[in-house]
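# Observations on the three-dimensional arrangement
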Amino acid sequence: MTILNGKEIAADALAGCREQVQGLEARGVTPGLAVVIVGKDPASHVYVGSKVKTCADLGIYSRRIELPEETSQKEVLEVVAGLNADPSIHGILVQSPPPPHINEEEIIRLIDPDKDVDGFHPVNVGKLVMEDDSGFVPCTPQGCIQLLERAGIETSGANAVVIGRSMIVGKPMALLLMGRGINATVTVAHSRTKELAKVCREADILIPAIGKPEFVTADFVKEGAVVIDVGINRLEDSSRKSGYRLVGDVAYEEVAPKCRAITPVPGGVGPMTIAMLMSNTIKAARSSMDQAEGG
Ligand code: NAD
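Below you will find a few notes about this structure. This structure is a prediction, so every number in the text was calculated from the model and none was measured.

What counts, and where the lines are drawn
Residues numbered from 1 in each chain as written. Predicted model: local features only at pLDDT ≥ 70, side-chain atom pairs only at ≥ 80, totals over all residues. Heavy atoms only, no water. Helix = DSSP H or I, 4+ residues; strand = E, 2+ residues; numbered from the N terminus. Contact = heavy atoms within 4.5 Å. Pairing = 2+ DSSP bridges. Axes fitted to C-alpha atoms, helices over the stretch in contact; angles between N-to-C directions. Salt bridge = Lys/Arg side-chain N within 4 Å of Asp/Glu carboxyl O. Buried < 20%, exposed > 50% of the residue type's maximum accessible area, 1.4 Å probe, protein only.

Position of Ala225 relative to the elements: it lies in the loop between β7 (205-208) and β8 (226-227). Separated by 168 residues in sequence, Ala225 and Asp57 place their C-alpha atoms 35 Å apart. Beyond its immediate chain neighbours, meaning those up to four positions away, Ala225 contacts Ala203, Asp204, Lys258, Cys259, Arg260 and Ala261.

What follows is the structure, encoded as structure tokens:
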């Protein structure tokens, strides 16, 4: 059994990003990422902190915009409109989930598709469906694909089962897996799927993205399968200084011995997601530069 070390694989990807940032610097451009966070969700603040820190490590300019919980929809839209117009910002993301009174979809639609480094704008979703490489691919599924590729996992013709159909993970994950170059045969399971464990046992590659701690047990997993655990769940743990520990959607201890390869949580998909965000930001900076030079 191989543990797919997302931290190490992400570090490799980030080393490549650092070189690309230097290349852009040499052409006179510093990639810039704006991260907008509304409210106090503790996990979201941790994620935003990691994103901003990784930018600093790579030489990417970052702007963290923290808005109070009671910020109105109109105010958030104004902030996004300002970032759309700001030439020092190439990538914009609004950390999910915002407070319940905020309409996330309206905000996503306002983000300039050329700055939509999360890949959630309808234009980028469309480009993903059409396999048009000029768009931005959502970071988490893109990170999962890179994990598979860099670990040398054969995907062509493999049976892949994705659990979850969200716009952030499940749907784009399925599209990438069935796409050219990956060529898996894809099943998407979700909360209404019948006989879920049986469906999952067909998988050569199983990708749970559910948000339920240790939901996927050994009876979901075929001997020799590759398991990419997207879930990140906080469990209370008074023995930890933080008061919690992170677990995935997979019951790791019982599932790992059956697997050919598996990602741990933490240290699996999470670091890859951040690396892909950096890569998307660099792509945005490069294409804005190409456009400026071309026009
Ligand atoms: P979501 O709540 O939007 O979607 C969850 C999906 O799980 C839904 O499509 C639903 O149909 C499915 N589901 C729920 N209960 C089910 C059940 N009993 N059986 C089968 N399917 C069921 O969540 P999301 O945004 O897609 O995130 C999923 C998980 O991935 C969460 O734990 C989240 O924290 C994690 N996540 C991790 C990263 C990362 O960087 N590693 C990034 C994004 C999300």
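Structure shown, so let's carry the discussion forward.
Quick look at the sheet that holds strand β4 (residues 91-94) now. The strand order across the open sheet built from three strands is β3-β2-β4, with neighbouring strands paired in parallel fashion. Each end of this open sheet is capped by a strand with a single partner; those strands are β3 (61-67) and β4. Taking each pair of neighbouring strands and ignoring which way they run, the sheet shows an average axis angle of 15°. Where strand β2 (residues 32-38) lies against β3, seven bridges are found, and the strand directions are parallel.

The next subject is the pattern of salt bridges. Enumeration over the complete set of coordinates arrives at eleven salt bridges. The shortest N-O distance in the salt bridge between Arg64 and Glu66 comes to 2.8 Å. One salt bridge connects Asp204 with Lys222, and the closest N-O pair in it is separated by 2.6 Å. One end of the pair, Asp204, is in the loop between α8 (196-201) and β7; the other, Lys222, is in the loop between β7 and β8, with 18 residues separating them in the sequence. Accessibility expressed as a relative area gives 28% for Asp204, which makes it partly exposed.

Counting through the fold element by element, Thr140 comes out in helix α6 (residues 139-150). Residue Thr140 is classed as buried on the basis of its relative accessible area of 13%. The contacts of Thr140, once residues within four sequence positions are left out, are Val169, Val230, Val269 and Thr273.

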